[in-house]
Amino acid sequence: MSRRKIDEINNKFNRLVSILMGIGLTAVVVRELVKTYFGIQSLVQQAVKETGKHEKSEKSFLIPESPKVSFKDLVGFEKIKEELKSALEWPLKYRSLIKDYDVEPINGICLFGPPGCGKTYFVKCAAGQFNVNLFLASPSTIGSMWYGQTEKRIRKLFKEARKHSPSIIAIDEADKLLPRSSSSSVHPRILSEFLQNLDGLLSEEKPVIVILMTNEPWKIHDAIIRRGRINRIIYVPPPDYESRIQLFKHYMAKCSQLVDDSIDYEELGKLTEPSERGYYSSAAIREITRTAKEEALSEAISTGVKKKITMKHLKAALLKVPPDIIADLIPKYEKWAIMYSSYIS
């Protein structure tokens, strides 16, 4: 075969290889373009979904509640009720008189203590007691994945509270929204926005009170809890002996016709005393009564005869519901209360 023929064959082969490589490269490019397109579509759909969620949560915490409960519905905690009542009554009912006496009204309150002890319910009862609007928010409802949206929501929250004054802004899990330390660059902006709005209340006539609630007060930023911003810091501890007795009576009263008269509430108060196992919260006592009712209900279903709820059912429930507050945690709350609290029960 001549050299010329060989060169001709090689040229044809090279052209074929180039065409095949081009086809392959085009396929790869098309494939990557398709993947990118569907990836962008997926991100857009997710963003729309998340935006919808945030818009829904935004609407929820910007709509004021009008609680129908009051301090009369609060069981136990008498001293704390009085402290909270006095802290709220003056700025909400006698704001003009306070101004005459040149006394700065209370605009900030912090309720702290173990979980399950009724901090949120305290706030709802306070709003109902004084017939004011309640804006209940938390980091999950205020926070946003979008740049600047959390600060915007804080501004909207305060704006709506002023619009519907007299009102209470209650922030649950305040330590997560306004932490003492954070590696995030977002939290300083959130803190600054919150402080500006909180300080702005001092120069306004409209009665708006901010109540922070937290299970970990030592994690809240110092700039928030200083005097002049948060004027009342109130410790909400686990229920004491008298409060536990009242709680048992309260939860059993809802089905009083099926409660045996021999139930010893004083003994129940003693059986739920703090120990090395821990402390019983208000929520845990409610769970004990619910479990006891289930025990009696189970017997009624199996026998076909209504059974009264007895001490036996409540003691059986106590075995199933352990204390829900770690014993070692209480001294930490008490130490913080001594350092910061304006009222210690």
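Before any of the text, the structure's been laid out above.
Because the structure is a prediction, the values reported are computed rather than measured.

## Remarks on helix α13 (residues 311–320)
Listing the buried residues of α13 in full gives Met-311, His-313, Leu-314, Ala-317 and Leu-318. The buried side chains of α13 occupy one side of the element, clustering within an arc of 160° when seen end-on. In this structure, α13 carries Lys-312, Leu-319 and Lys-320 as exposed residues pointing more than 90 degrees from its buried face. Tucked inside the fold, the buried residues of α13 contact α10 (241–252), α11 (265–271) and α12 (282–303).

## Considerations on the layout of surface pockets
In this structure, the second largest pocket spans a volume of roughly 320 Å³. Tyr-121, Leu-247, Tyr-251, Ser-282 and Arg-286 are, among the 16 residues lining the second largest pocket, the residues nearest its centre. Of all the elements in the fold, those that place two or more residues in the lining of the second largest pocket are α4 (119–129), α10 and α12. Its residues assigned to classes, the lining of the second largest pocket comprises nine nonpolar, four polar and three charged.

## Looking at the environment of Ile-98
Along the polypeptide, Ile-98 turns up in helix α3 (residues 95–100). On the accessibility criterion, Ile-98 (10% relative accessible area) is buried. If we skip the residues at most four places from it in the chain, Ile-98 touches Trp-90, Pro-91, Val-103, Glu-104 and Pro-105.

## What about the packing of α10 against α12?
Put simply, α10 and α12 touch, their axes get as near as 10 Å, and they point 40° apart. Between α10 and α12, the angle is such that the two are oblique. As for how α10 packs across α12, the hand of that crossing is right-handed. Listed contacts from α12 to Arg-244, Leu-247, Phe-248, Tyr-251 and Met-252 of α10 are Ser-282, Ile-285, Arg-286, Ile-288, Thr-289 and Lys-293. Broken down by class, the residue content of the contact of α10 with α12 amounts to six nonpolar, two polar and three charged.

## Some remarks on the packing of aromatic side chains
For the coordinates displayed, the defined rule picks out eight aromatic pairs. A ring pair is formed by Phe-71 and Phe-130, whose centres lie 6.4 Å apart and whose planes are at 85°; its orientation type is edge-to-face. With Phe-71 in the loop between α1 (3–62) and α2 (78–93) and Phe-130 in the loop between α4 and β2 (133–137), the pair connects residues that are 59 residues apart, well separated along the chain. Just as Phe-71 is buried, Phe-130 falls in that class too. Centre to centre, the rings of Trp-336 and Tyr-340 are 4.4 Å apart; their planes meet at 25°, and the pair counts as stacked. You can see Trp-336 and its partner Tyr-340 sitting in helix α14 (residues 329–340), four residues apart, about one turn around the helix. An aromatic cluster of three or more residues is present, and its members are Phe-112, Trp-218, Tyr-235, Tyr-333, Trp-336 and Tyr-340.

## Quick notes on the side chain of Ser-281
The topology assignment puts Ser-281 in the loop between α11 and α12. A distance of 2.5 Å separates polar atoms of two side chains, one belonging to Ser-281 and the other to Asp-324. If we skip the residues at most four places from it in the chain, Ser-281 touches Pro-115, Gly-116, Cys-117, Pro-239, Asp-324 and Ile-325.

## Thoughts on α14
For α14, spanning twelve residues, the distance from its first C-alpha to its last is 17 Å, which sits close to the expected 16 Å at 1.5 Å a residue. Taken residue by residue, α14 has Ile-330, Tyr-333, Trp-336 and Ala-337 as its buried positions. When α14 is viewed along its axis, its buried side chains cluster within an angular range of 125° and face the same direction. Across α14 from its buried face, at more than 90 degrees, point the exposed residues Lys-335, Ile-338 and Met-339. Where α14 is buried, its residues touch β1 (108–112), α9 (222–225) and β5 (232–235).

## Focus: the nonpolar core
Nonpolar side chains in soluble globular proteins tend to be buried together. In terms of nonpolar packing, the biggest core is built from 64 residues, with Leu-88, Ile-109, Leu-111, Ile-171, Phe-194 and Ile-224 touching the most fellow members. Considering each element in turn, this core owes the most residues, six residues, to strand β4 (residues 208–214). With 23 residues, the next largest nonpolar core counts Ile-245, Met-252, Tyr-265 and Ala-317 among its residues.

## Notes on the environment of Gly-113
Here Gly-113 is to be found in the loop between β1 and α4. Each C-alpha atom, one on Gly-113 and one on Met-213, is 8.5 Å from the other, the two residues being 100 residues apart in sequence. For Gly-113, the residues in contact, after removing those within four places along its chain, are Lys-119, Thr-214, Asn-215, Tyr-235, Val-236 and Tyr-333.

Here is what the cut-offs are and how they apply
- Residues numbered from 1 in each chain as written.
- Predicted model: local features only at pLDDT ≥ 70, side-chain atom pairs only at ≥ 80, totals over all residues.
- Heavy atoms only, no water.
- Buried < 20%, exposed > 50% of the residue type's maximum accessible area, 1.4 Å probe, protein only.
- Helix = DSSP H or I, 4+ residues; strand = E, 2+ residues; numbered from the N terminus.
- Arc of directions from axis to C-beta.
- Contact = heavy atoms within 4.5 Å.
- 1 Å grid on protein atoms, 1.4 Å probe; cavity = no way out; pocket = protein on both sides within 12 Å on 5 of 7 lines; lining within 4 Å.
- Points joined across faces, edges and corners; volume = space filled by probe spheres on them.
- Nonpolar A, V, L, I, M, F, W, Y, C, P; charged D, E, K, R; others polar.
- Axes fitted to C-alpha atoms, helices over the stretch in contact; angles between N-to-C directions.
- Parallel < 35°, antiparallel > 145°, perpendicular 65-115°, else oblique.
- Left-handed = near helix turned anticlockwise from the far one by under 90°.
- Phe/Tyr/Trp six-rings, centres within 6.5 Å; stacked < 30°, edge-to-face > 60°.
- Polar contact = N/O pair within 3.5 Å; in protein donor to acceptor, adjacent residues only side chain to side chain.
- Expected span 1.5 Å × (residues − 1).
- Core = buried A, V, L, I, M, F, W, Y, C linked by side-chain atoms within 4.5 Å.

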